[in-house]
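# Results of the structural survey
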Amino acid sequence: MEARAYLKYARISPRKVQIVLDLIRGKDVGYAAAVLRNTPKSASEYLTKLLKSAIANGENNFGMDKEYLYISECFVSPGPIMKRIRPRAQGRAFRINKRSSHVTMVLRERFI
């Protein structure tokens, strides 16, 4: 049995999210929450909310015990890109891509 949580259309680049996801993949929920609290990355706020949501889904929807939960899967995929134009010298225009992310987190119970 697994509990899933999704974060869609987050206004942060997938590369920035991937760095933080690599820190918590496969870890227990308590340890992952502590890592996210103490990591000075902007993706940590998004992932903390997502982790809390996944824990609540596991407890309320599937009757899982919070003490045995761990992050079995977590991945990020690119969302839509907002394309903007920035004026540059001599009448040129440079493209600015404002990227977004879709993040998925899956929790499972670890039985000892």
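Everything quoted here is computed from the prediction, not taken from an experiment. (Residues numbered from 1 in each chain as written. Predicted model: local features only at pLDDT ≥ 70, side-chain atom pairs only at ≥ 80, totals over all residues. Heavy atoms only, no water.)

Across its full length, the protein chain holds 3 helices and 5 strands. In the protein chain, the order of α-helices and β-strands from amino to carboxyl end is β-α-α-α-β-β-β-β. Principal axes of the C-alpha set define a box for the protein chain whose edges measure 65 × 25 × 15 Å. The burial tally for the protein chain puts 34% of its 112 residues in the buried class. Here the protein chain contributes 22 positive and 9 negative side-chain charges, whose respective centroids are spaced 21 Å apart. (Helix = DSSP H or I, 4+ residues; strand = E, 2+ residues; numbered from the N terminus. Buried < 20%, exposed > 50% of the residue type's maximum accessible area, 1.4 Å probe, protein only. Lys, Arg positive; Asp, Glu negative; His and termini not counted. Charge placed at Lys NZ, Arg CZ, Asp CG, Glu CD.)

Moving on, we come to the pattern of salt bridges. Tallying each qualifying case throughout the model produces 5 salt bridges. A salt bridge links E2 to R4; the nearest nitrogen and oxygen atoms lie 3.1 Å apart. D22 is the salt-bridge partner of R25, the closest N and O atoms lying 2.8 Å from each other. The exposure class assigned to R25 is partly exposed, which follows from its relative accessible area of 32%. Residues participating in the shared-partner salt-bridge network are E2, R4, E73 and R108. (Salt bridge = Lys/Arg side-chain N within 4 Å of Asp/Glu carboxyl O.)

On their own, these measurements won't tell you what the molecule is for.
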